Structure formats: C-alpha cells, structure tokens
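# Structural features, examined
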Amino acid sequence: MAALRPAITRGVCSNLFRSVSQAAGPRAAAPRVFDVFQRWNSGSTLSYPSELKYTKSHEWVEVNEDNVARVGITDFAQSELGEIVYVDVSESGEVLQTGANFGCLEAVKTVSELVMPVEGEVIEVNTELESKPDQINKSPYGDGWIAKIQLANAKEVSELMSSDDYRKMVEN
C-alpha cells in the first residue's frame, strides 16, 4: 500500500466538495463526497484494534497460538482506496519474504500492491473476496481479511507497530 496518497488537507477536501457539488448539481454527488469528508474530518470513525499489529504500508497482522497470522489492510487503507472491486492474492503454498509483493487490490480509480508484513508461507487465502471484494471495505478486520500466513519467525511480529503508533502515523 505504499502507493496510498497522503491524507487530504482540510482546504483541498472542502474545495473538492464544493467543486463536485457545483459540477454535478447540489444533490447528485454531494452525499458521497460529504460522507467521505465527514468520516475523514472526524478522525474517530476509523478503527485500529489494539490486539493487532500494523505496518507502514497499511497492512495489519493478527497472530493466533499456532503462529498463524491473519493479514489484511487497515481501515485507513480501505478508506483511502475507496470501493475495492478486485482482489488478486498469492496462492496457498507460496513462501514469501517480509516486504515482498503478495498481491494487489483494485479500487474504482486505483490499484495498490499488498506488501507481506512478515515472512512465511501462505496457507490460506480468503476466497470469499473473489466474489465479494467489497468485504474489505465493509469489514477490514473481520470478513475482509486477505490471507493466512504460517509464520517463519514469530518474533518479526513484535517489530510491527502497535495500534497507537499506527494511529499517530496516519494522523500526521
């Protein structure tokens, strides 16, 4: 997700709202743009569960007792991408290094790479995303998980960001 654009400044966002509203008529595009602006402006509707670990490239990791990590993209990432329409992920059985590309997400207006947050073997991909890629938008930490990874080195997870550190990163 390194390709995510920086957060929109308040002035640019309000100008965008005005110009879209004027170009398309007062009711046509305004609710969608206003909803996005309101969500971004409030800062409180995006969630970063404390039990997860986070990366600078906007992936999250949840590890169970068997050293299997469930991986997905953060609420911030899905909100920046917009409506996700296609998911392409590495296949089960692939062994990937930390930082390797393990797939991509296609949104209505952009494509973003998925970056492997930890080293390990892909043991399962969320096949539901083939027919319902918008699950990532609806539930990024639940049904929108992307892959399960058998960790090669569980200690790598401790090097990832906490929810507080991730929140500070995206808010700056």
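Being a predicted model, the structure only gives us computed values, none of them experimental.

What counts and what doesn't
- Residues numbered from 1 in each chain as written.
- Predicted model: local features only at pLDDT ≥ 70, side-chain atom pairs only at ≥ 80, totals over all residues.
- Heavy atoms only, no water.
- Helix = DSSP H or I, 4+ residues; strand = E, 2+ residues; numbered from the N terminus.
- Buried < 20%, exposed > 50% of the residue type's maximum accessible area, 1.4 Å probe, protein only.
- Contact = heavy atoms within 4.5 Å.
- Areas by Shrake-Rupley, 256 points an atom, 1.4 Å probe, with all protein chains shown as cover.
- pLDDT = per-residue confidence, 0-100.
- Pairing = 2+ DSSP bridges.
- Axes fitted to C-alpha atoms, helices over the stretch in contact; angles between N-to-C directions.
- Salt bridge = Lys/Arg side-chain N within 4 Å of Asp/Glu carboxyl O.
- Patch = residues over 30% accessible without salt bridge, like charges linked within 9 Å, V, L, I, M, F, W, Y side chains within 5 Å.
- Core = buried A, V, L, I, M, F, W, Y, C linked by side-chain atoms within 4.5 Å.
- Polar contact = N/O pair within 3.5 Å; in protein donor to acceptor, adjacent residues only side chain to side chain.
- Arc of directions from axis to C-beta.

Moving on: the overall build of the protein chain. When its secondary structure is counted, the protein chain shows 6 helices and 9 strands. For the protein chain, the residues scored as buried account for 41% of the 172 residues in total. Partitioning the intrachain contacts of the protein chain with sequence separation of at least 6 by distance along the chain shows that 63% fall at a separation of at least 24. Split by element, the accessible area of the protein chain, about 9500 Å² in all, is 49% carbon and sulfur.

Okay, the confidence of the model for the protein chain next. Put simply, the protein chain has an average pLDDT of 80, and 74% of its residues get 70 or more. The low-confidence segment residues 1-44, where pLDDT is below 50, has 42 contacts with residues more than four positions distant or belonging to other chains.

Taken together, the 3 strands give an open sheet; going across it, the order is β4-β6-β7, and neighbouring strands pair in antiparallel fashion. Either end of the sheet is taken by a strand with one partner, and the two such strands are β4 (84-89) and β7 (111-115). Put simply, the sheet's adjacent strands are angled 20° from each other on average, direction ignored. Sheet analysis places strand β6 (residues 101-107) next to β7, joined by 5 bridges and oriented antiparallel. Looking at β7, one finds that G103 is bridged to L114.

The phi dihedral of H58 is positive, around 75°, even though this residue is not glycine. Tracing the chain through its elements places H58 in the loop between β1 (53-54) and β2 (59-63). Positive phi values are uncommon outside glycine, yet N67 reaches one of about 60°. For N67, a relative accessible area of 34% corresponds to the partly exposed category.

Before going further, it helps to spend a moment on the sheet that holds β2. Taken in spatial order, the 6 strands of this open sheet run β1-β2-β3-β9-β8-β5, and their pairing is antiparallel. Of all the strands in the sheet, just β1 and β5 (95-96) have a single pairing partner and so form its edges.

Here we take up the pattern of salt bridges. As enumerated under the stated definition, the model contains 4 salt bridges in all. With its nearest N and O atoms 2.7 Å apart, the salt bridge here joins E62 to R70.

Okay, a nonpolar patch on the surface next. On the surface, a cluster of nonpolar side chains totalling about 270 Å² of accessible area is made up of V85, Y86 and V108. Relative to the elements of secondary structure, V108 occurs in the loop between β6 and β7.

On to the nonpolar core, then. If you look at the biggest cluster of nonpolar residues, it comprises 25 residues, and the most contacted ones within it are I73, F102, L105, I136 and I146. Elements with a minimum of two residues in this core: β3 (68-73), α3 (75-81), β4, β6 and β9 (147-151). Setting aside residues up to four positions removed in sequence, I146 forms contacts with V71, G72, I73, V89, F102, L105, L114, V125, N126, L129 and I136. In terms of nonpolar packing, the next biggest core, distinct from the first, is built from 11 residues, Y48, W145, M161 and Y166 among them.

This part takes up the side chain of T55. Along the polypeptide, T55 turns up in the loop between β1 and β2. Reaching out from T55, the side chain makes a polar contact with the backbone nitrogen of E59 at a distance of 2.9 Å. Residue contacts for T55: discarding those within four places in its chain leaves P117, L160, M161, Y166 and M169.

Okay, helix α6 (residues 163-171) next. Inspection of α6 places S163, Y166 and V170 among the buried residues, and these make up the whole buried set. Buried residues of α6, seen end-on, are gathered within an arc of 60° and therefore sit on one face of the element. Seen from the open side of α6, the exposed residues pointing more than 90 degrees away from its buried face are K168 and E171. If you follow the buried residues of α6, they end up packed against β1 and α3.

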